[in-house]
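Structural overview
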There are 2 protein chains.
Amino acid sequence: MLRLSKLTDYAVVVLVRLSEESGIQTSGGIAASTGVPEPTVAKVLKIMTSAGLVASQRGARGGYRLARPLATIPVAEVIIAIDGPIALTACVEHSTSVCDTSSLCPVKGRWDAVNTAILDALSTISLADMRPTAFFPLPAHHLPEKRDAVPTTASALTTAFLE
Amino acid sequence: MLRLSKLTDYAVVVLVRLSEESGIQTSGGIAASTGVPEPTVAKVLKIMTSAGLVASQRGARGGYRLARPLATIPVAEVIIAIDGPIALTACVEHSTSVCDTSSLCPVKGRWDAVNTAILDALSTISLADMRPTAFFPLPAHHLPEKRDAVPTTASALTTAFLE
DNA sequence: CCATTCAGGACCGCGCCAGTCCTGTTTTCG
DNA sequence: CGAAAACAGGACTGGCGCGGTCCTGAATGG
Ligand code: FES
Ligand code: FES
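A short tour of the structure in this document, coming up.

1. Some points on the pairing of strand β1 (residues 54-57) of chain A
All names here are of chain A. As defined by bridge partners, β1 adjoins strand β2 (residues 63-66) across four bridges and the pair is classed as antiparallel. Looking at the pairing, Gln 57 lines up with Gly 63 of β2. Connecting β1 to the next strand, β2, in antiparallel fashion are five residues, including Gly 59 with a positive phi near 80°.

Next up, the structure:
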């Protein structure tokens, strides 16, 4: 499936939402404004806190705020914070498990390159790149500049694989 | 963990093993030479056959052989053959499922760029590149990373390499 | 002292994948 | 012509990882 966990999806939503308000925000407030169930939002925020992506404030009038600007958070870091290290197969270095057929395996150690390529792609995209800055549907009032290079790079090769 | 299924791992092993022998090979023989359990090898090869990656010959003295040269099979095609279309989240186009919080979601439709970047990376690496003797042709990964890079960077690199 | 809010777990049910197996069908060979 | 060899195409099931929830603390502010 090559699918990442649902919590990661929620995490991105929550982090982007956090960045859209300057002050501190409670988990309940974020749940209300995103539609994600409140316990799930709380769980995500706790993970994000221990990963150092958001800072928390306990007690009354407490809440969460981003620890770093959104542009300095690559998608890879969110994925790793929730799902653990990116390891496509059991045969990738830094993987926890070990491969049992490695003695006979003809592709031993060759997954590392694939893994690195994906990791690099995910490190290049920051959360700020995932925030819709209103250039596609129904432009907002302030169009600061014509954003070039919308990532519509679906080449013929890649679209051929989509289905 | 952004992990792909074990069957995909086996599929790569089996396909590479298929390429190392010129003649036709039985599923049992491949199982013996790779250490993968025979029923699993059979299952993988059936999927590969229906995907058009290997050709099969029934009956006594039958078996399997590669339908195309190893270098013309990207890793992405193997993954898609086994796991289905690559869709990181439920909110990616061409995904089967639908997202229920899309009305309030602040990152609606922004996963597509990430998905495309990964798809590009996986389409650039062929199975021939996974053989131990192969030269791995991806452009330089470990450049100093710009955290606020535009999301088209990875795609631009890979597509530029294809030309 | 009390309300609020986060911290850090434990907990459970569901869905999905891995692995096996069974019943055909096709082909070759004695 | 029959039997064996080998693939085709499913059904089936157990395990387990993930999602979602909840509960008991601890910190903070009024
Ligand atoms: S499958 Fe583990 S080393 Fe190749
Ligand atoms: S989470 Fe589905 S559209 Fe954003």
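The structure having been displayed, the exposition proceeds.
2. Looking at the protein's contact with DNA strand D
Taken together, 24 residues lie near DNA strand D, and A:Lys6, A:Arg58, B:Ser56, B:Arg58 and B:Tyr64 sit nearest. A breakdown of the atoms of DNA strand D within 4 Å of the protein gives sugar and phosphate a share of 71%. Here a phosphate oxygen of DNA strand D sits 2.8 Å away from a polar atom, N or O, in the side chain of B:Tyr64. Among the elements of the structure, α1 (6-19) and α3 (38-50) of chain A together with α3 (38-50), β1 (54-57) and β2 (63-66) of chain B are those that each provide at least two residues to the surface near DNA strand D. At three residues, α1(A) tops the list of elements feeding residues into the surface near DNA strand D. Taken together, the residues of the surface near DNA strand D break down into seven nonpolar, twelve polar and five charged.

3. Quick word on the protein's contact with DNA strand C
Close contacts around DNA strand C come from 24 residues, with A:Ser56, A:Arg58, A:Tyr64, B:Lys6 and B:Lys43 the closest. What you see for DNA strand C is that sugar and phosphate hold 69% of its atoms within 4 Å of the protein. Within the side chain of A:Ser56, one N or O atom sits 2.6 Å away from a phosphate oxygen of DNA strand C. Separating a base oxygen of DNA strand C from a backbone N or O atom of B:Ala60 is a distance of 3.1 Å. With three residues, helix α1 (residues 6-19) of chain B is the single largest residue contributor to the surface near DNA strand C. Residues belonging to the surface near DNA strand C are distributed by class as follows: seven nonpolar, twelve polar and five charged.

4. Notes on the pattern of salt bridges
Tallied over the entire structure, the rule returns six salt bridges over all chains. Of the charged contacts, one joins B:Arg17 and B:Glu20 as a salt bridge, the two residues approaching to 3.2 Å between their closest N and O atoms. Exposure remark for B:Arg17: the relative accessible area of 17% places this residue in the buried category. According to the relative accessible area criterion, B:Glu20 is partly exposed, its value standing at 36%. Residues joined by salt bridges that share partners form a network here, namely A:Arg17, A:Glu20 and A:Glu21.

5. Here we look at unusual backbone geometry
Despite not being glycine, A:Arg61 shows a phi value in the positive range, around 60°. The residue A:Arg61 is located in the loop between β1 and β2 in this model.

Thresholds applied
- Residues numbered from 1 in each chain as written.
- Chains lettered and ligands numbered in written order.
- Predicted model: local features only at pLDDT ≥ 70, side-chain atom pairs only at ≥ 80, totals over all residues.
- Heavy atoms only, no water.
- Pairing = 2+ DSSP bridges.
- Helix = DSSP H or I, 4+ residues; strand = E, 2+ residues; numbered from the N terminus.
- Near = heavy atom within 4 Å.
- Polar contact = N/O pair within 3.5 Å; in protein donor to acceptor, adjacent residues only side chain to side chain.
- Nonpolar A, V, L, I, M, F, W, Y, C, P; charged D, E, K, R; others polar.
- Salt bridge = Lys/Arg side-chain N within 4 Å of Asp/Glu carboxyl O.
- Buried < 20%, exposed > 50% of the residue type's maximum accessible area, 1.4 Å probe, protein only.

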